[in-house]
Amino acid sequence: MIFKPKIIAFVCSWCLPPEVDITTPSLIRGYPKVRIVQVMCAGRIDPTIALETFLRGADGVLVVGCETPDCHYVEGNMQADRKVKMLKRLMALTGLDPERLRLEWASASSIETFAGIINAFRNQVASLGTSPLISKADSSILLNVSAAKAVVENFTLRVLAGREKGLTGDTNVYGERLSQKEFDNLMEETIEAEFIRHKIRLLTVGKPMSVKQIAAVAGMEPSLTLCHVVNMRRKGMITLDHVEGTTPFYKALEVG
Amino acid sequence: MMATSNAPKSKRKLPPCRVACPAGINVQGYIALLQQGKFKESVELIRKTMPFPAICGRVCFSPCQDACSRKNVDQPVGIRYLKRLASDIEREQGRISPVSIPKKHDEKVAIVGAGPAGLSCAYELAKLGYPVTVFERMHAPGGMMRYGIPDYRLQKYVVDNEIAYIRDLGVEIKTEVEFGKDITLDKLQKDGYKAVFIGIGAQTSQKLGVTGEDLKGVFPAVEFLRDISLGETTSVGERVAVIGGGNTAIDAARTSLRLGAREVLILYRRSQEEMPALPAEIEAAEEEGVQFHFMVAPKQIIGEGGKVKAVECLRMQLREPDQSGRKRPTPIQGSEHTYEVDSIIPAIGQLLEASCLPQAILDKSGRAIPADPMTLESSISGVFVGGDAVTGPASVIEAVGAGKRAAESIDRYLNGKDLKVGRDVETEETAWTKDWDKLTKKPERYTVSHVDVGRQKVSFKEADELLVKIRKLAMAEARRCLECGPCSECLGGEEMCEADKAVVDEALCTGCNVCAVNCPFSAIKKDERGVAAVDEELCKGCGICSASCPERAISMKKCADAQIMSSVMSALEREFV
């Protein structure tokens, strides 16, 4: 049987060709089959929505927006670009192939161009096969993606992402400005740290663990794990549950 | 004559295109619908404010375009062409007949003159549910739209179509009824008409006032154009001199070319800068080979055997501006020179035919109708006047504006309301200002007027053939609109448009300002309490703030995250093929 990838395409309503009937699976006779969810702007796609879509069983997520300068909301497309880049970095940490997510531009395109974009993505996802979240090929993937989702749901990364425009565009009150590279590095570090912390938090929900145990499950250096644990305690993400011998055991706290 | 805005004003900010339109068409609204390819809907939207989308799409002098904010970035949006294209597509697809409006009132209203002013007035009153009868002297309605504007600019079928819509709305049009002869004000009152609108236009060409004006071969422009429209054959000979610099002069010149004249001169007493004709029209005339002679005025017409032989002219020089603001031309002594011509078309102005009107309505000179500029009520109570009859020769859209204003006055008059209270007293500047830096990112795009429209050279066929083929281009052109006005301009509400609004959960908002930084329209700002507040007029519903809010405190009214996820889930549940 040929693999039919489950693809959700979030399409900005300004670049959806009028011929496309979003209620039926086949866009137009002979053209490829994906499910389209229409949104006002590609910039509307909250990273949470994309990850949730993967968790719900999609094999691929496509975001279609308008190219600069066609964006109806002036820079919604750039917002989408930043969010997708951020998500791809995060996905790389989870084991869910970042290639399963793609952002494409299709401003005021013809049905043929639009179908071409979808076809290309569909072929790519087909070559990647069923999502590991569905096939359960990798036991840690569900935890990883859940942690990633927790990262994008929480303040730290969202506020950094939301400030990108301000931090790299304008100077702050001290006349400083981050270069794009500096910002990207900051982003990278934040994504990694946040990902690990949320993973630790999810691991310890209702199941207190020692630093060594966490390090073993998460595949990390115990010393680095300890750093994160200390940081997380300060932030109120986890707390000391009990001590066995001289080993402290930690458990997660509800965030927020 | 410069257009003054009669557009409804309020404290609500309006886009400059709408403010500039004498009929107050919500331009941004129909442009927004065009962006989505909703051609029919956009024409329907125009019809909410005026009945002539196809006509104005062809002949309007488009003050909206002159006011368009896009000119601050590159070039204004090609609004007139877009309107025309939308109406062409509507005609192609078949127009939906108007919903019949129940007669809510018994008071009959008579309209004298089926030109743009009279018909607009009738249209507005019919929409309000009044029984309206229009009386027209000629054999078909349309006024100057039919008998003044030549076919190559405005085909008769276009006029017919638009008038058919007004008829479908229940307006009765009686043609070949002459005011002053077949009907009078007294007779109308006796017949039970409770209010009258007079929009008889300015139907007589102004005389040059030089000797030789009665010679054979002198064709006053208005009468000349009317005869051509009526299908009468007029021979203008080989060389024609048109005198004047307005649109009528250009129309007469281009018409003469189409009648077989080999050489057509336009003699104008000021310079090209002062010409009141539309620049596009001047350009088209030049392209067709019309020769312009500026700074000349006729001194006398020389005849031979009772027929025009030549026109003797004087050179002019421009002096300090007169009351109209244009430089006053004065003749240079001894600069006489002649142009040998076969016919002369004076097109220096048009006058009201006052003879058909009762003396009581005219001013002391007996040549003009005084009217209240706001209500358009004449000196006779219950009789309203508007259009060219009051302003002198102007444009279709200004006449439409006058007709609409008169209709409101008549509605108030018949309901015993004050004619003036609450009308147009707001003088606050309503034009919109925006963060231009943000917008200059959008570079110049296609302009429909740049498209080679295959202008027909010398024929009575419609010039500027705009094809439906360029529909896609039109949508792209419409997207050049900067949307300076609020989002609800299309009046469509939720069923027309998917526009959404952001809502802030104040309990969650930490005042981090991320939303304010990221909103492309500065529609969300911290209020005095430090909590994000959405300006619904500015919010266009893109949802960027919702997707960026670090505390996820912002949601969208219609398309919240939960709604998107439920679409995703129902999509995933279905079969993938």
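The structure under discussion appears in the preceding block.
Figured I'd write up the structure that's included with this text. The structure presented is a predicted model; accordingly, all values stated were derived computationally and were not measured. (Residues numbered from 1 in each chain as written. Chains lettered and ligands numbered in written order. Predicted model: local features only at pLDDT ≥ 70, side-chain atom pairs only at ≥ 80, totals over all residues.)

### Notes on the overall build of chain B
Within chain B, the regular secondary structure consists of 21 helices and 19 strands. Looking at chain B as a whole, 48% of its 577 residues are labelled buried. Excluding contacts between residues fewer than 6 apart, the proportion of contacts in chain B whose partners are at least 24 apart in sequence is 71%. (Helix = DSSP H or I, 4+ residues; strand = E, 2+ residues; numbered from the N terminus. Buried ≥ 20, exposed ≤ 12 C-beta atoms within 10 Å, placed from the backbone. Contact = placed C-beta atoms within 7 Å.)

### What about the overall build of chain A?
Helix and strand counts for chain A stand at nine helices and six strands. Split into buried and exposed, the 256 residues of chain A put 46% on the buried side. Within chain A, residue pairs in contact and separated by at least 24 positions form 69% of the contacts whose partners lie at least 6 positions apart.

### Considering the nonpolar core
Counting 140 residues, the largest nonpolar core has Ala122 and Val242 of chain B as the members making the most contacts within it. Ignoring sequence-local partners within four residues, the contact set of Ala122 of chain B consists of Ile111, Val132, Val134, Ile166 and Val171 of chain B. (Core = buried A, V, L, I, M, F, W, Y, C linked by C-beta atoms within 7 Å.)

### A few points about helix H12 (residues 247-258) of chain B
Residue and element names in this part refer to chain B. End to end, H12 covers 16 Å across twelve residues, agreeing with the expected 16 Å (1.5 Å per residue, within 8%). The buried count for H12 comes to eleven of twelve residues, which makes it a mostly enclosed element. Every buried residue of H12 is accounted for by Asn247, Thr248, Ala249, Ile250, Asp251, Ala252, Ala253, Arg254, Thr255, Ser256 and Leu257. Against helix H11 (221-229), strand E6 (239-243), strand E7 (263-268), helix H13 (279-288) and strand E13 (343-346) lie the buried residues of H12. A positive phi of about 110° marks Gly260, the residue just after H12. (Expected span 1.5 Å × (residues − 1).)

### Describing the sheet that holds strand E3 (residues 60-65) of chain A
The strand order E2-E1-E3-E4 (chain A) describes an open sheet built from four strands, whose pairing is parallel. Here the strands that pair on one side only, and so sit at the sheet edges, are strand E2 (35-39) and strand E4 (101-105) of chain A. For this sheet the average axis-to-axis angle between neighbouring strands, irrespective of direction, equals 20°. Together, strand E1 (7-12) and E2 of chain A form the strand contacts of helix H21 (residues 561-573) of chain B, whose direction differs from that of E2 of chain A by roughly 170°. (Pairing = 2+ DSSP bridges. Axes fitted to C-alpha atoms, helices over the stretch in contact; angles between N-to-C directions.)

### A closer look at the packing of helix H6 (residues 155-169) of chain A against helix H7 (residues 180-203) of chain A
Two quantities define a packed helix pair, namely the angle between the axes and the distance from one axis to the other. Residues and elements named next belong to chain A. Where H6 contacts H7, the axes come no closer than 11 Å and their chain directions differ by 180°. Put simply, H6 runs roughly antiparallel to H7. Each of Thr156, Leu157, Leu160, Glu164, Leu167 and Thr168 in H6 lies in contact with H7, whose residues at this interface are Gln180, Phe183, Met187, Thr190, Ile191 and Glu194. For the contact of H6 with H7, the class distribution of residues is six nonpolar, four polar and two charged. (Parallel < 35°, antiparallel > 145°, perpendicular 65-115°, else oblique. Nonpolar A, V, L, I, M, F, W, Y, C, P; charged D, E, K, R; others polar.)

### Overview of the sheet that holds E6 of chain B
Strands in a sheet are paired, the pairing made by backbone hydrogen bonds, and the direction either parallel or antiparallel. Residues and elements named next belong to chain B. Pairing is parallel in the open sheet, where four strands are placed in the order E8-E7-E6-E13. Where the open sheet ends on each side, the last strands, each with one partner, are strand E8 (291-294) and E13. Between one strand axis and the next, the sheet turns by 20° as a mean value, whatever way the strands run. As paired strands, E6 and E13 are joined by four bridges and run parallel to one another. When the sheet's bridge partners are listed, Val242 is paired in E13 with Ile345. Relative to the sheet, H12 contacts E6, E7 and E13, its axis offset from that of E7 by approximately 170°.

### Topic: the interface of chain B and chain A
At the interface, 37 residues of chain B touch 41 residues of chain A. Looking at the side of chain B that touches chain A, the elements with two or more residues in it are helix H17 (471-478), helix H19 (514-518), helix H20 (544-548) and H21 of chain B. Take the side of chain B that touches chain A: its biggest share by element is eight residues, from H21 of chain B.

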